[in-house]
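Residues per chain are reported as follows:
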Amino acid sequence: MTEATDFVTVAPAADLPPGERLVFEYGRHWVVVFNVDGEYYAIEDCCTHEEYPLSEGTLRGYSIECAKHGANFDIRTGEVLAPPAIIPVKTYPVRIQDGQIQVAVPG
Ligand code: FES
């Protein structure tokens, strides 16, 4: 069985300038959205190592470094770039609709 996915409106795009991030909760999911040079990326706000919020990490380019033990993930793909995490983090589609950031998260 596949989960239904809907785009949900998160915030006005103007509220998330380049270099910034925002976190929102939807259902059972915590999601962090990044603006990198005008492009938006959304990942689950949960490190796959020990479930620490990735939104508290350091972003360098497209790499988010977990603040707890230093795992790195590519925010575009979720791929692990550096241990100790070994499982990719979930990524979610993002779109801008009528000036609003919308993220597709499982329902
Ligand atoms: S909780 Fe993120 S690296 Fe350990």
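Check the entry above for the structure.
My aim in this report is to walk through the structure given alongside it, one point at a time. Please read these numbers as outputs of a predicted model, since none were measured by experiment.

## Side note on the overall build of the protein chain
Along the backbone of the protein chain there are 0 helices and 11 strands. Overall, the protein chain shows an N-to-C arrangement of helices and strands of β-β-β-β-β-β-β-β-β-β-β. Taking 2.2 N^0.38 as the reference for a compact globule, 107 residues should give roughly 13 Å; the C-alpha atoms of the protein chain span a radius of gyration of 13 Å, in line with that estimate. Counting only C-alpha atoms and orienting by the principal axes, one finds that the protein chain spans roughly 40 × 35 × 20 Å. By residue count, 38% of the 107 residues in the protein chain fall in the buried class. In the protein chain, of all internal contacts separated by at least 6 residues, the share reaching a separation of at least 24 is 42%. Carbon and sulfur atoms provide 49% of the accessible area of the protein chain, an area that totals close to 6,000 Å².

## Describing the environment of Val36
Summarising the element assignment, Val36 is placed in strand 3 (residues 29-36). Between the C-alpha atom of Val36 and that of Pro93, which follows or precedes it by 57 residues, the distance is 15 Å. In this structure Val36 touches Tyr41, Leu59, Gly61, Tyr62 and Ile75, once residues within four positions along its chain are discounted.

Analysis parameters
Each residue is numbered by its place in its chain's sequence as written, counting from 1. It should be noted that, the model being predicted, local features are given only for residues of pLDDT at least 70 and side-chain atom pairs only at 80 or more, the latter also being counted only at that level, while totals for whole chains, interfaces and linings use all residues. Heavy atoms throughout the structure, all of them, feed into the side-chain values; hydrogens and water do not. Each helix corresponds to a stretch of at least 4 residues labelled H or I by DSSP, and each strand to a stretch of at least 2 residues labelled E; elements are numbered beginning at the N terminus. Throughout, radius of gyration means the C-alpha value; the globule benchmark is 2.2 Å times the number of residues raised to the power 0.38. Three labels apply to residues, based on accessible area from a 1.4 Å probe with only protein chains included: buried if under 20% of the type maximum, exposed if over 50%, partly exposed otherwise in between. Note on contacts: a residue pair qualifies if any of its non-hydrogen atoms lie within 4.5 Å across the two residues. To be clear on the numbers: accessible area is Shrake-Rupley with a 1.4 Å probe, and residue cover counts the displayed protein chains and nothing else.

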